[in-house]
Amino acid sequence: MSSGAPGSHHLVETTRLVLPGPDPTARDAATLCARLARLYEDGARAVQCDARAVTAPGLPHVEALARLRLTARGRPLRVIGAGPALRALLDLVGLVELLGEAEEREPPGRVQEGVEADDPAL
């Protein structure tokens, strides 16, 4: 086996991708997705999407992050630097796992897990 250039086997553990603010366009999202795909092709093991520039999150941010999640295809992608408003928005639309905190959340309240014999029929 050829060993290649010195250090060529060493990959950066986490690569950073910056989510633009204040309002990313569809073109920005497409560019980010292409860059993310390239990062994984080039050997990135995990990517952090830096959301510190997002000061007033809205649907363009949700769309960009949803598209990035699809592009990642199950590979490690995590949003860092998200403010409270973006965190709440991601929770609302079901993308909270991008924050890397899904395991820490409590299960939703008032979920009925079974049917009792005396429950009324629907």
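The sections below set out a description of the structure shown in this document.

Conventions we followed
- Residues numbered from 1 in each chain as written.
- Predicted model: local features only at pLDDT ≥ 70, side-chain atom pairs only at ≥ 80, totals over all residues.
- Heavy atoms only, no water.
- Helix = DSSP H or I, 4+ residues; strand = E, 2+ residues; numbered from the N terminus.
- Contact = heavy atoms within 4.5 Å.
- Axes fitted to C-alpha atoms, helices over the stretch in contact; angles between N-to-C directions.
- Parallel < 35°, antiparallel > 145°, perpendicular 65-115°, else oblique.
- Left-handed = near helix turned anticlockwise from the far one by under 90°.
- Nonpolar A, V, L, I, M, F, W, Y, C, P; charged D, E, K, R; others polar.

### Observations concerning the side chain of T15
By the secondary structure assignment, T15 is in strand β1 (residues 14–18). If sequence neighbours within four positions are ignored, T15 has contacts with L39, A44, A46, V47 and Q48.

### What about the environment of V18?
Checked against the element boundaries, V18 lands in strand β1. Each C-alpha atom of the pair V18 and Q48 lies 8.2 Å from the other, and the pair is 30 residues apart in sequence. Here V18 is in contact with L32, R35 and D50, once residues within four sequence places are set aside.

### Here we look at the packing of helix α1 (residues 26–41) against helix α2 (residues 59–72)
Contact geometry of α1 with α2 gives a least axis separation of 9 Å together with a crossing angle of 25 degrees. Looking at the two axes, α1 sits roughly parallel to α2. Considering only the axes of α1 and α2, their crossing is right-handed. Of the residues in α2, those in contact with A26, A29, A30, L32, C33, L36, A37 and Y40 of α1 are A64, R67, L68, T71 and A72. Among the residues forming the contact of α1 with α2, the class breakdown is 11 nonpolar, 1 polar and 1 charged.

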